[in-house]
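A structural walkthrough
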Amino acid sequence: MGKIKIGIIGIGNCASALVQGIEYYRDSNKSGLLRPNLAGYYISDIQVVAAVDVSENKVGKNISEAIKANELDVVVDFHKNFNVLVVMGDILDGVISETEKNIKPANQNPINVAKYFKSTGVEIVLCLLPSGADNAVRFYANEAIKAGCAFINATPTNVATDKEYANKFHDAGLPLIGDDLQDQFGATILHKMILQQMLDLGIDIKESYALDVGGGAESLNTIYRTRETKRKIKSMSVARALNIDAPIVAGTSDWVEFLGNKRNSMLWIVGKGFMGSEIIMDIKIQTEDGPNGGSVLADVIRVTKIAINQSAAGSIDEISAYGFKNPPKSPKTPAEASKNLANFILGIRKEE
Ligand SMILES: NC(=O)c1ccc[n+]([C@@H]2O[C@H](COP(=O)([O-])OP(=O)(O)OC[C@H]3O[C@@H](n4cnc5c(N)ncnc54)[C@H](O)[C@@H]3O)[C@@H](O)[C@H]2O)c1
């Protein structure tokens with residue numbers, strides 16, 4: 001099927017998990033992947049050919065070394081073909097005073113990003129910038145267009161959900177996917193599953209929250225920049241899936257440095273059953289942020305390659321609805337999103 005050449009913007013915890021995952025699953029059938037084989041593509045077909053960051057701990061280093069500066073542990077031994085040096089990007093609003101202690105910018109001039117993508121043969125740009133770096137995310141989206149690359153936006157910044165960008169990518173004949181990556185299994189999914197099961201069994205939901213604390217750089221960013229946006233996206237994502245009229249709150253409440261890349265989520269649910277009898281649930285789940293995004297990213301990258309093969313352009317709603325929390329269009333259920341994705345892979349698309 002050929003290789004899928006990607007360029008990564010932001011060599012943080014999520015990038016670390018993806019890069020390690022490519023090595024970990026190379027020529028093996030180890031467990032933990034959502035779709036080992038996706039329409040003939042394997043995770044090992046993903047080839048990182050370009051890497052951009054701004055941190056002095058990462059710029060100028062081989063990507064397999066640069067990822068060691070993150071909170072997520074590096075647990076794999078790298079194969080020699082990960083020979084990609086991290087280059088200096090444009091800082092813009094990627095770093096703010098509150099996060100400078102974690103991301104100390106390198107004292108270097110930025111490269112010409114579009115030229116760099118072209119010269120390295122990037123087909124897909126994967127944007128893994130900190131949440132809230134709206135100007136930087138849009139800057140790199142524009143550079144992707146200039147270089148003729150598809151763009152996957154894992155951040156909560158509105159790009160795929162922004163009509164202006166959807167039109168720009170459409171006019172350039174390039175796929176655009178996003179926004180805000182969905183985890184493989186986390187508190188939002190667990191929350192939706194339990195609430196849905198209770199509703200199916202006739203339980204009336206009275207109130208519920210899912211709140212989390214994390215220790216990664218991303219959690220620090222969230223506290224200062226995107227707590228409100230993330231709370232809106234997560235709460236909406238639960239309420240929209242269930243269509244219930246009860247107070248539901250979902251979001252991040254703090255940054256606890258010693259947790260590293262781990263996230264502790266607390267779920268609280270109050271329901272009423274037969275004759276109003278009360279059911280109360282208090283659940284805790286711990287996940288690891290970077291790896292939790294790895295499998296979904298591997299799927300989304302491979303389907304984006306299929307979109308390129310099919311010459312699909314503009315916002316590709318079938319991929320966004322499958323892998324993202326805030327897609328331009330949301331099917332009613334995850335099963336419908338998976339069916340639409342399967343049809344897309346077969347080249348069947350719904351008429352607008
Ligand atoms: N499971 C997940 O990890 C998950 C799930 C949903 C969404 N996301 C989103 O993915 C994104 C990445 O998450 P992460 O945990 O890897 O973040 P991170 O903070 O660990 O990494 C961000 C990286 O971007 C770099 N950076 C900052 N400004 C830059 C610029 N202007 N140019 C180039 N690089 C720059 C930083 O130096 C850092 O290496 C976030 O927006 C997050 O909301 C992740």
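In this text, all values refer to a predicted model and were calculated from it rather than measured experimentally.

This paragraph deals with the site of the ligand. Within the structure, the ligand sits among 39 residues, and Gly 10, Gly 12, Cys 14, Gly 94 and Gly 293 are positioned closest to it. With 4 residues, the single largest contributor to the shell around the ligand is helix H8 (residues 289-309). A breakdown of the residues in the shell around the ligand according to their chemical character gives 19 nonpolar, 13 polar and 7 charged. Structurally, the shell around the ligand is a two-domain feature, drawing no fewer than three residues from each of domain 1 (4-182 + 291-345) and domain 2 (187-288).

Let us look at H8. Taking 1.5 Å per residue as the helical rise, H8 with its 21 residues ought to reach 30 Å, and the 31 Å between its terminal C-alpha atoms agrees with that figure. For H8, the principal kink sits at Ser 295 and spans about 30 degrees. Most of H8 sits out of view: 19 of its 21 residues are buried. A positive phi of about 55 degrees marks Ser 311, the residue just after H8.

Moving on, we get to the domain arrangement of the chain. Domain assignment breaks the chain into domain 1 (4-182 + 291-345) and domain 2 (187-288). Each side of the interface is counted separately: domain 1 has 18 residues, and domain 2 has 20 residues. Each residue belonging to the side of domain 1 that touches domain 2 can be placed in one class, and the counts come to 5 nonpolar, 9 polar and 4 charged.

Note on strand geometry: in a regular strand, side chains alternate between the two faces of the sheet. Across the two faces of strand S6 (residues 124-127) the burial is the same, with Ile 124 and Leu 126 and Val 125 and Cys 127 all buried. Pairing between strand S1 (residues 4-9) and S6: 4 bridges, direction parallel. Bridged to Ile 8 within S6 is Leu 126. Regarding the hand of the β-α-β motif, the stretch spanning S6, helix H4 (residues 134-147) and strand S7 (residues 150-153) is right-handed.

Looking at the element boundaries, Ala 246 is found in the loop between helix H7 (217-242) and strand S10 (248-255). Sequence spacing of Ala 246 and Ile 205 is 41 residues, and the spatial spacing of their C-alpha atoms is 6.5 Å. Residues in contact with Ala 246, not counting those within four places in the same chain, are Ile 205, Lys 206, Glu 207 and Ser 208.

A word on the environment of Arg 225. Summarising the element assignment, Arg 225 is placed in helix H7. Exposure remark for Arg 225: the 20 C-beta atoms within 10 Å place this residue in the buried category. When near neighbours in sequence (up to four residues on either side) are disregarded, Arg 225 contacts Ile 96, Ser 131 and Gly 132.

When two helices pack together, you describe them by how their axes are tilted relative to each other and by the distance separating the axes. Contact geometry of helix H3 (residues 113-120) with H4 gives a least axis separation of 8 Å together with a crossing angle of 45 degrees. Judged by the angle between their axes, H3 and H4 are oblique. Considering how the two elements wind past one another, H3 and H4 form a crossing that is right-handed. Counting all contacts with H3, which are made through Val 113, Ala 114, Phe 117 and Lys 118, the residues of H4 involved are Tyr 140, Glu 143, Ala 144, Lys 146 and Ala 147. Looking at the contact of H3 with H4, its residues break down into 6 nonpolar, no polar and 3 charged.

Calculation notes
- Residues numbered from 1 in each chain as written.
- Predicted model: local features only at pLDDT ≥ 70, side-chain atom pairs only at ≥ 80, totals over all residues.
- Near = placed C-beta within 6 Å.
- Helix = DSSP H or I, 4+ residues; strand = E, 2+ residues; numbered from the N terminus.
- Nonpolar A, V, L, I, M, F, W, Y, C, P; charged D, E, K, R; others polar.
- Domains from an automatic or database assignment.
- Expected span 1.5 Å × (residues − 1).
- Bend = angle between axes of the 7 residues up to and from the residue.
- Buried ≥ 20, exposed ≤ 12 C-beta atoms within 10 Å, placed from the backbone.
- Contact = placed C-beta atoms within 7 Å.
- Pairing = 2+ DSSP bridges.
- Right-handed = clockwise from strand over helix to strand, strands pointing away.
- Axes fitted to C-alpha atoms, helices over the stretch in contact; angles between N-to-C directions.
- Parallel < 35°, antiparallel > 145°, perpendicular 65-115°, else oblique.
- Left-handed = near helix turned anticlockwise from the far one by under 90°.

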